[in-house]
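These are the residues of each chain, in order.
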Amino acid sequence: MIEIRPIRSEADYENALQAVKSLWGSALATAEGDRLDVLVTLIDAYENEHFPMDTPGADALAAFEQEQKDLHAAEAVGHVTFEIVKDETGRFAFHLTKRSGEIIFTSEGFDRKDDAIAAIRVLQESASKSDIVDLAA
């Protein structure tokens, strides 16, 4: 049985962390689950006293908010991959494919696979910096 006692030193803290590892996943409303709950509460109190964290400033909050927006935008677009294919004439092309398998774009044919890969690299490097120019109006 794990002994629960106050955390007064770094050694006590390390022992408590080890005890949490051994109790992790214990069911709620059991003796082990109760020990885990009490140990986590003691660890939290020790960490708040010995490892205080400053409140983030406006710059940090703005950076976090922008990071979350970027993450959300990336998730909305979804993951895409470039798939290199060889057609019946022996030429190389690539598909830009969604995670679902849907082909978004197919390139022209290239005589060499290295040329297809080079075209993919150009797209990867420049796509996020590109503008849309509507010449169809």
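In short, a report on the structure. Since the structure is predicted, the reported quantities are computational estimates derived from the model, not experimental observations.

### Concerning a nonpolar patch on the surface
Item 1. A cluster of nonpolar side chains, contributed by Val80, Ile104, Phe105 and Leu123, occupies part of the molecular surface with about 310 Å² of accessible area.
Item 2. Residue placement: Ile104 occurs in strand E3 (residues 103–106).

### Some remarks on the packing of aromatic side chains
Item 1. According to the stated counting rule, one finds 6 aromatic pairs in the structure shown.
Item 2. On the basis of an interplanar angle of 50° and a centroid distance of 5.7 Å, the ring pair of Tyr13 and Phe51 is categorised as tilted. Residue Tyr13 is found in helix H1 (residues 10–23), and its partner Phe51 is found in the loop between helix H2 (31–50) and helix H3 (58–77); the two are separated by 38 residues along the sequence.
Item 3. Relative accessible area serves as the criterion here: at 9%, Tyr13 is assigned to the buried category.
Item 4. A ring pair is formed by Phe94 and Phe110, whose centres lie 6.4 Å apart and whose planes are at 15°; its orientation type is stacked. With Phe94 in strand E2 (residues 92–98) and Phe110 in the loop between E3 and helix H4 (113–126), this pair connects stretches of sequence that are 16 residues apart. Here Phe94 matches Phe110 in class, with each residue buried.
Item 5. Through pairs of rings, three or more aromatic residues link up here, namely Phe82, Phe94, Phe105 and Phe110.

### Points about H4
Because an α-helix packs 3.6 residues into every turn, residues spaced three or four apart end up facing the same way.
Item 1. With 14 residues, H4 extends 20 Å between its outermost C-alpha atoms, agreeing within 8% with the 20 Å of an ideal straight helix rising 1.5 Å per residue.
Item 2. Turning to H4, the residues buried within the fold contact strand E1 (80–86) and E2.

### Comments concerning the pattern of salt bridges
Item 1. As enumerated under the stated definition, the model contains 4 salt bridges in all.
Item 2. Here Arg5 and Asp12 are joined by a salt bridge, their closest N and O atoms 2.8 Å apart.
Item 3. For Arg5, a relative accessible area of 40% corresponds to the partly exposed category.
Item 4. Where Glu102 meets Lys98, a salt bridge forms, and the shortest distance between an N and an O atom there is 3.5 Å.
Item 5. Judged by relative accessible area, which is 44%, Glu102 ranks as partly exposed.

### Some words on the pairing of E1
Item 1. Taken together, the 7 bridges between E1 and E2 define a ladder with antiparallel strand orientation. For Thr81, the partnering residue across the bridge sits in E2 and is Thr97.
Item 2. In sequence, E1 turns back onto E2 through a hairpin of 5 residues, with Gly90 there showing a positive phi of about 90°.

### Notes on the side chain of Ser107
Item 1. Relative to the elements of secondary structure, Ser107 occurs in the loop between E3 and H4.
Item 2. Its relative accessible area of 12% is what places Ser107 among the buried residues.
Item 3. A polar contact of 2.9 Å, which involves the side chain of Ser107, links it to the backbone nitrogen of Phe94.
Item 4. The residues contacting Ser107, other than those within four sequence positions of it, are Ala93 and Phe94.

### Focus on the environment of Val80
Item 1. By secondary structure assignment, the location of Val80 is in strand E1.
Item 2. When the C-alpha atoms of Val80 and Thr97 are compared, they prove to be 5.4 Å apart, with 17 residues separating the residues in sequence.
Item 3. Look past the residues within four positions of Val80 in its chain and what remains in contact with it is Leu96, Thr97, Lys98 and Ile104.

The rules behind the values
- Residues numbered from 1 in each chain as written.
- Predicted model: local features only at pLDDT ≥ 70, side-chain atom pairs only at ≥ 80, totals over all residues.
- Heavy atoms only, no water.
- Patch = residues over 30% accessible without salt bridge, like charges linked within 9 Å, V, L, I, M, F, W, Y side chains within 5 Å.
- Areas by Shrake-Rupley, 256 points an atom, 1.4 Å probe, with all protein chains shown as cover.
- Salt bridge = Lys/Arg side-chain N within 4 Å of Asp/Glu carboxyl O.
- Helix = DSSP H or I, 4+ residues; strand = E, 2+ residues; numbered from the N terminus.
- Phe/Tyr/Trp six-rings, centres within 6.5 Å; stacked < 30°, edge-to-face > 60°.
- Buried < 20%, exposed > 50% of the residue type's maximum accessible area, 1.4 Å probe, protein only.
- Expected span 1.5 Å × (residues − 1).
- Contact = heavy atoms within 4.5 Å.
- Pairing = 2+ DSSP bridges.
- Polar contact = N/O pair within 3.5 Å; in protein donor to acceptor, adjacent residues only side chain to side chain.

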